[in-house]
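What follows is the residue order along each chain.
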Amino acid sequence: MVDRAAVDGLFPADLPEPGHWEERYPARELPEGAKVTRIGPSPTGFIHIGGIYVGMIDRDVATDSGGVYLVRIEDTDQAREVEGALEQFDRAFDYFHISADEDRNRGSYGPYVQSEREQIYLTYVRHLLRQGKAYLCFATKDELADITSRQQASKVPTGYYGKWAIWRDADPSAVAAKLAEGAPYVVRFRTPDDADGQRTSFVDAIRGRLEHEANRNDAVILKSSDQSPRLPTYHFAHAVDDHLMRVNLVIRGDEWISSVPLHQQLFAALEFEPITYAHIAPLMKQIPGGKRKLSKRKDPEAGVDFYIGAGYPADAVLYYLRGLANGRLAELPLAEALTTPLDLSLCGVAGPLVDLVKLEDISADHIATLSGQQILDAVRAWAVEYDAELVPVLDNEKDLALRALAVERDGVENPRKDLRKWSDFRPAYGFFFTELFVPVDGPADERLAPLGVAADVVTAFAADLVANYEHLDDPQEWFDQIRTLAGKHRFAPNAKEYKKDPDAYVGSIREASQLVRVAITGATRSPDLHATAQALGADEVLRRLRALS
Ligand code: GLU
């Protein structure tokens, strides 16, 4: 028999009854079939790309069904909380345009932060205690460890159940004595007596019917009484929050599948309507000889900041992730794939591989479809956060930046694919800008070394080119002046001639034009040289050529 007065004495006298919360959070008025979905990030670390993956699915399923998508901060593990995590969640969801209808800043089913919901949890803990569906447990860490080791020695499953659950059927006087001593306790759920040996099943929205052993463990539902605020465990908070927030479809990682039997018992004990689950297969990484879950600890690409920091365009990443979730979306053009709703039933049960090379290809293809102005805007927005030095350069030289981006992009059938992410802009296009370009330092500059042209030849050739340079519009004519000058300075007209008689020449036209390329761009590989020279303008080209001699 439960001593109601003793139970009530553990809680504030003015703690509301369940009916109060039921009324406060009424059933939602939504169209038939509308899905209310949610994501529950924990601020114990930075968000995993899997969080964006699941959030994207949640958002789509809610939107597509005329429902609601909410973000609930699951901060019941306060000891492990990481500073700045919430801001990082906001930034990540913002970057990937996954906006919530309800979150800690808006919505009428809140608070949306678990640590602010203590009263609500306590109401339902008291409710279960009054009915004998939960009980106080004073077992110490040492006692629990002892139980586990005895279970291991007797080769029975470990856990707090049956005869091992020492406080499950404790004498009320023993409980009263512990309380009088001020001993800390947790509250445990009393699993139904007949659970042991039973099986239970549920229909997962992705995986279909799944069968499991029923839960027999008396799980902790409220953490230790010596902590403030009194916080629930994940399992209990899931039941209470998803019920009161009127969530009707829980989309979460498949590591929670094994907890469903407990969750079913909790929903039943609380007399909540059962909820539908969809367990998502995790994003995986290829490793030698197999694959494993993408790990926040081991893989930089598991963190959302990896993508934002490097400046992968959100649309490209989303396109890629959508293709992983529903393979058929990978077959569609990007714009269509971004607007075609994800279908839960088409999500796989095996975790898809995250392949950065593939993502980079997708991203390069996507960026190649953008205009110079769109690229410039995106690079600038990225640089504000991640490359502050680049911002004034872009602002001061906007026209030059657009001319640079137009090289082999504007008016061509196959635009350059030299940008996979915004941080590629500086290495690929930085040389266009006087502030960022380091001219060669005479013929001994090490960037010229691979060409193997003697220093006096470089000096004489460069001086002649500077003295006679013509900034010609026609690419052929422009290049011909270099060719003619190269001949004059004893460069062979082609590599073949040079090979035939290397002693007769100082190099071939290839080396001569590479001297010009390195002088103008700082590298042996660059966009089309004539177009580059045109974008830079005659003065700047001459300034750079002069640096050769
Ligand atoms: N806070 C839980 C987690 O981060 C959420 C799981 C859920 O979606 O129910 O894993």
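This structure is a prediction, so every number in the text was calculated from the model and none was measured. (Residues numbered from 1 in each chain as written. Predicted model: local features only at pLDDT ≥ 70, side-chain atom pairs only at ≥ 80, totals over all residues. Heavy atoms only, no water.)

**Let's talk about the overall build of the protein**
Helix and strand counts for the protein stand at 23 helices and 13 strands. Computed over its C-alpha atoms, the radius of gyration of the protein comes to 33 Å, more than 25% above the 24 Å expected for a compact globule of 549 residues. Overall, the C-alpha framework of the protein stretches about 110 × 55 × 40 Å when taken along its three principal axes. The burial tally for the protein puts 51% of its 549 residues in the buried class. When contacts within the protein are restricted to residue pairs at least 6 apart in sequence, long-range pairs at least 24 apart make up 73% of them. Entry remark: accessible area of the protein is about 25,800 Å², with carbon and sulfur atoms responsible for 51%. Taking the average location of the 63 positive side-chain charges in the protein and that of its 85 negative ones, the two points are 4 Å from each other. (Helix = DSSP H or I, 4+ residues; strand = E, 2+ residues; numbered from the N terminus. Rg over C-alpha atoms; globule rule 2.2 N^0.38 Å. Buried < 20%, exposed > 50% of the residue type's maximum accessible area, 1.4 Å probe, protein only. Contact = heavy atoms within 4.5 Å. Areas by Shrake-Rupley, 256 points an atom, 1.4 Å probe, with all protein chains shown as cover. Lys, Arg positive; Asp, Glu negative; His and termini not counted. Charge placed at Lys NZ, Arg CZ, Asp CG, Glu CD.)

**A closer look at the site of the ligand**
The immediate surroundings of the ligand are formed by R38, G40, S42, E74, Y234, R252 and W256. A distance of 2.7 Å separates an oxygen atom of the ligand from a polar atom in the side chain of R38. At 2.4 Å from an oxygen atom of the ligand is found a side-chain nitrogen or oxygen belonging to Y234. Relative to its free-state accessible area of 300 Å², the ligand is covered by the protein chains to the extent of 78%. Within the shell around the ligand, the residues separate by chemical class into 2 nonpolar, 2 polar and 3 charged. (Near = heavy atom within 4 Å. Polar contact = N/O pair within 3.5 Å; in protein donor to acceptor, adjacent residues only side chain to side chain. Nonpolar A, V, L, I, M, F, W, Y, C, P; charged D, E, K, R; others polar.)

**Examining a negative patch on the surface**
Residues E470, D473, D474, E477 and D480 make up a contiguous surface patch of negative charge. Residue classification places E470 among the partly exposed positions, given a relative accessible area of 48%. (Patch = residues over 30% accessible without salt bridge, like charges linked within 9 Å, V, L, I, M, F, W, Y side chains within 5 Å. Salt bridge = Lys/Arg side-chain N within 4 Å of Asp/Glu carboxyl O.)

**Section: the sheet that holds strand 4 (residues 186-189)**
As summarised here, the arrangement of the 3 strands in space is 3-4-7, forming an open sheet in which the pairing is antiparallel. In this open sheet, the two edge strands, each paired with only one partner strand, are strand 3 (134-137) and strand 7 (220-222). Pairwise comparison of adjacent strand axes, ignoring direction, gives a mean angle of 45° for this sheet. The pairing of strand 3 with strand 4 spans 4 bridges and is classified as antiparallel. Note on strand 4: the bridge partner recorded for L136 is V187. (Pairing = 2+ DSSP bridges. Axes fitted to C-alpha atoms, helices over the stretch in contact; angles between N-to-C directions.)

**Focus on helix 14 (residues 372-386)**
Think of an α-helix as turning once every 3.6 residues; residues three or four places apart then point the same way. Compared with an ideal rise of 1.5 Å per residue, which puts 15 residues at 21 Å, helix 14 spans 20 Å between its outermost C-alpha atoms and is within 8% of the ideal. Within helix 14, the full set of buried residues consists of G372, I375, L376, V379, W382 and A383. Axial view of helix 14: buried residues confined to an arc of 135°, hence all on one face. Opposite the buried face of helix 14, at more than 90 degrees from it, the exposed residues are A381 and E385. Contact partners of the buried residues in helix 14: helix 10 (304-310), helix 13 (356-368), helix 15 (390-396), helix 16 (398-406) and helix 17 (425-429). (Expected span 1.5 Å × (residues − 1). Arc of directions from axis to C-beta.)

**A word on the UniProt feature "domain: Aminoacyl-tRNA synthetase class I anticodon-binding" (unreviewed entry) in the protein**
In this numbering, the UniProt entry assigns the feature "domain: Aminoacyl-tRNA synthetase class I anticodon-binding" (unreviewed entry) to residues 513-547. The annotated region residues 513-547 carries 74% helix and 0% strand content, and the separation between its end C-alpha atoms amounts to 15 Å. (UniProt positions renumbered as here; feature names shortened; annotations may be inferred.)

**A few points about the pairing of strand 11 (residues 290-293)**
In this structure, strand 10 (residues 284-287) lies alongside strand 11, joined through 4 bridges in antiparallel fashion. Bridging across to strand 11, M284 finds its partner in K293. Turn length for the strand 10-strand 11 hairpin, with the two strands adjacent in sequence and antiparallel, is 2 residues, and the turn residue G289 shows positive phi of about 80°.

**Considering the packing of helix 14 against helix 16**
It is the contact of helix 14 with helix 16, at a shortest axis distance of 9 Å, that shows an interaxial angle of 120°. Of the possible angle classes, the one that applies to helix 14 and helix 16 is oblique. The hand of the helix 14/helix 16 crossing is right-handed. Across the interface between the two elements, G372, Q373, I375 and L376 from helix 14 touch K398, A401, L402 and L405 from helix 16. (Parallel < 35°, antiparallel > 145°, perpendicular 65-115°, else oblique. Left-handed = near helix turned anticlockwise from the far one by under 90°.)

**Overview of the nonpolar core**
If you look at the biggest cluster of nonpolar residues, it comprises 59 residues, and the most contacted ones within it are F425, F432, F433, F461, F491 and L545. The leading source of residues in this core is helix 21 (residues 509-521), at 7 residues. Apart from the residues lying within four places of it in its own chain, the contact partners of F433 are V393, L394, E397, L400, A401, F425 and R544. Of all hydrophobic cores here, the second largest spans 58 residues; its members include L129, V175, L244 and Y277. (Core = buried A, V, L, I, M, F, W, Y, C linked by side-chain atoms within 4.5 Å.)

**Brief notes about the pattern of salt bridges**
All told, the structure shown has 46 salt bridges when counted by the stated rule. Residues R416 and D418 are paired through a salt bridge, measuring 2.7 Å at the closest nitrogen-oxygen approach. Assessed through its relative accessible area of 14%, D418 is described here as buried. One salt bridge connects K421 with D424, and the closest N-O pair in it is separated by 3.3 Å. In this structure, K421 and D424 share a single accessibility class: buried. Linked by salt bridges that have partners in common, R38, R72, E74, R117, D241 and D242 make up one network.

**Looking at the packing of helix 11 (residues 314-325) against helix 13**
Two elements in contact, helix 11 and helix 13, have axes whose closest approach is 9 Å; the angle formed by their N-to-C orientations is 130°. Compared by their axis directions, helix 11 and helix 13 come out oblique. As helix 11 runs across helix 13, the sense of the crossing is right-handed. Residues D315, A316, V317, Y319 and Y320 of helix 11 form the contact with helix 13, whose participating residues are K358, L359, I362, S363 and H366. Here the contact of helix 11 with helix 13 is composed, by residue class, of 6 nonpolar, 2 polar and 2 charged.

**Quick look at the environment of A547**
Topologically, A547 is positioned in the segment after helix 23 (538-546). Not counting residues up to four positions away in its chain, the partners in contact with A547 are P439, V440, D441 and G442.

**Thoughts on the UniProt feature "domain: Glutamyl/glutaminyl-tRNA synthetase class Ib catalytic" (unreviewed entry) in the protein**
Residues given the UniProt feature "domain: Glutamyl/glutaminyl-tRNA synthetase class Ib catalytic" (unreviewed entry) here are residues 36-322. Across residues 36-322, the secondary structure splits into 35% helix and 17% strand, with the terminal C-alpha atoms separated by 20 Å.

**A few points about the environment of D464**
The topology assignment puts D464 in helix 18 (residues 455-468). Note on D464: relative accessible area 14%, which makes it buried. Measuring from C-alpha to C-alpha, the distance between D464 and L122 comes to 87 Å, with 342 residues separating the pair along the chain. Residues contacting D464, with those up to four places away along its chain left out, are L485, K488 and H489. Within the structure, D464 has its side chain in polar contact with the side chain of K488 (distance 2.7 Å).

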